[in-house]
Amino acid sequence: MATAMTLDPVKKKPLPAGLPREWYESHNRRLKAMRLAISLLDSGTYDARRATNRKIRTMAVRTGIHRPSNVTCKLVRAFIVSNGA
């Protein structure tokens, strides 16, 4: 009989201080895009052409993520393409 293995949550470290504001914005945008790309891949959207802005924004609502901008949607598609699927 197989048992489910639970993993401990990853401890979050504070972001490095003293970097330009653009770095923090870019970092958070990449994290949001990665979470959305993973959600889309898990739901069966393996083709970046099928990941429209509407579909990405709908997934954001379903997962409780703030509405992504057009730039973030473009980054989500780039992550899906780089996945090699």
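Keep in mind that what you see is a predicted model, and the values were worked out from it rather than measured.

1. Observations regarding the confidence of the model for the protein
Inference 1: Predicted confidence across the protein gives a mean pLDDT of 88, with 88% of residues reaching 70 or more.
Inference 2: Mean pLDDT in the protein bottoms out at helix α3 (residues 70–82), which sits at 93, and peaks at helix α2 (residues 53–63), which reaches 95.

2. Remarks on helix α1 (residues 21–42)
Inference 1: Taking 1.5 Å of rise per residue, the 22 residues of α1 would be expected to cover 32 Å, and the 32 Å separating its terminal C-alpha atoms lies within 8% of that figure.
Inference 2: Buried positions along α1 lie against α2 and α3.
Inference 3: Just downstream of α1, G44 is the residue with a positive phi angle, here 105°.

3. Here's the deal with the layout of surface pockets
Inference 1: Volume-wise, the largest pocket comes out at about 220 Å³.
Inference 2: Taken together, V10, K11, K12, K13, L15, H27 and L31 make up the full set of residues lining the largest pocket.

4. Observations regarding the nonpolar core
Inference 1: Judged by nonpolar contacts, the single largest core of 14 residues is most densely connected at L36, L40, A51, I56, V76 and I80.
Inference 2: Breaking this core down by element, the ones donating at least two residues are α1, α2 and α3.
Inference 3: Setting aside residues no more than four positions away along its own chain, L40 makes contact with T45, A51, K55, I56, M59, V76 and I80.

5. Focus on the packing of aromatic side chains
The geometry of two aromatic rings is summed up by the distance between their centres and the angle between their planes.
Inference 1: Throughout the structure, instances matching the rule amount to one aromatic pair.
Inference 2: On the numbers, 5.2 Å between centres and 90° between planes, the contact of W23 with Y24 is edge-to-face.
Inference 3: On the basis of relative accessible area, W23 is assigned to the partly exposed category, the value being 31%.
Inference 4: A relative accessible area of 22% places Y24 in the partly exposed class.

6. Considerations on the environment of S43
Inference 1: With respect to the element layout, S43 can be found in the loop between α1 and α2.
Inference 2: Overall, the relative accessible area of 42% leaves S43 in the partly exposed class.
Inference 3: C-alpha separation for the pair S43 and M59, spaced 16 residues apart in sequence, amounts to 9.2 Å.
Inference 4: At 2.9 Å, the side chain of S43 and the backbone oxygen of L40 are in polar contact.

7. With respect to the packing of α2 against α3
Inference 1: Here α2 crosses α3 at 95°, and the two axes come no closer than 10 Å. Classed by the angle they form, the pair α2 and α3 counts as roughly perpendicular. Together, N53, I56 and R57 of α2 and N70, C73, V76 and R77 of α3 make up the contact between the two elements.
Inference 2: For the contact of α2 with α3, a count of residues per class yields three nonpolar, two polar and two charged.

Reading guide: rules and limits
- Residues numbered from 1 in each chain as written.
- Predicted model: local features only at pLDDT ≥ 70, side-chain atom pairs only at ≥ 80, totals over all residues.
- Heavy atoms only, no water.
- pLDDT = per-residue confidence, 0-100.
- Helix = DSSP H or I, 4+ residues; strand = E, 2+ residues; numbered from the N terminus.
- Expected span 1.5 Å × (residues − 1).
- Contact = heavy atoms within 4.5 Å.
- 1 Å grid on protein atoms, 1.4 Å probe; cavity = no way out; pocket = protein on both sides within 12 Å on 5 of 7 lines; lining within 4 Å.
- Points joined across faces, edges and corners; volume = space filled by probe spheres on them.
- Core = buried A, V, L, I, M, F, W, Y, C linked by side-chain atoms within 4.5 Å.
- Buried < 20%, exposed > 50% of the residue type's maximum accessible area, 1.4 Å probe, protein only.
- Phe/Tyr/Trp six-rings, centres within 6.5 Å; stacked < 30°, edge-to-face > 60°.
- Polar contact = N/O pair within 3.5 Å; in protein donor to acceptor, adjacent residues only side chain to side chain.
- Axes fitted to C-alpha atoms, helices over the stretch in contact; angles between N-to-C directions.
- Parallel < 35°, antiparallel > 145°, perpendicular 65-115°, else oblique.
- Nonpolar A, V, L, I, M, F, W, Y, C, P; charged D, E, K, R; others polar.

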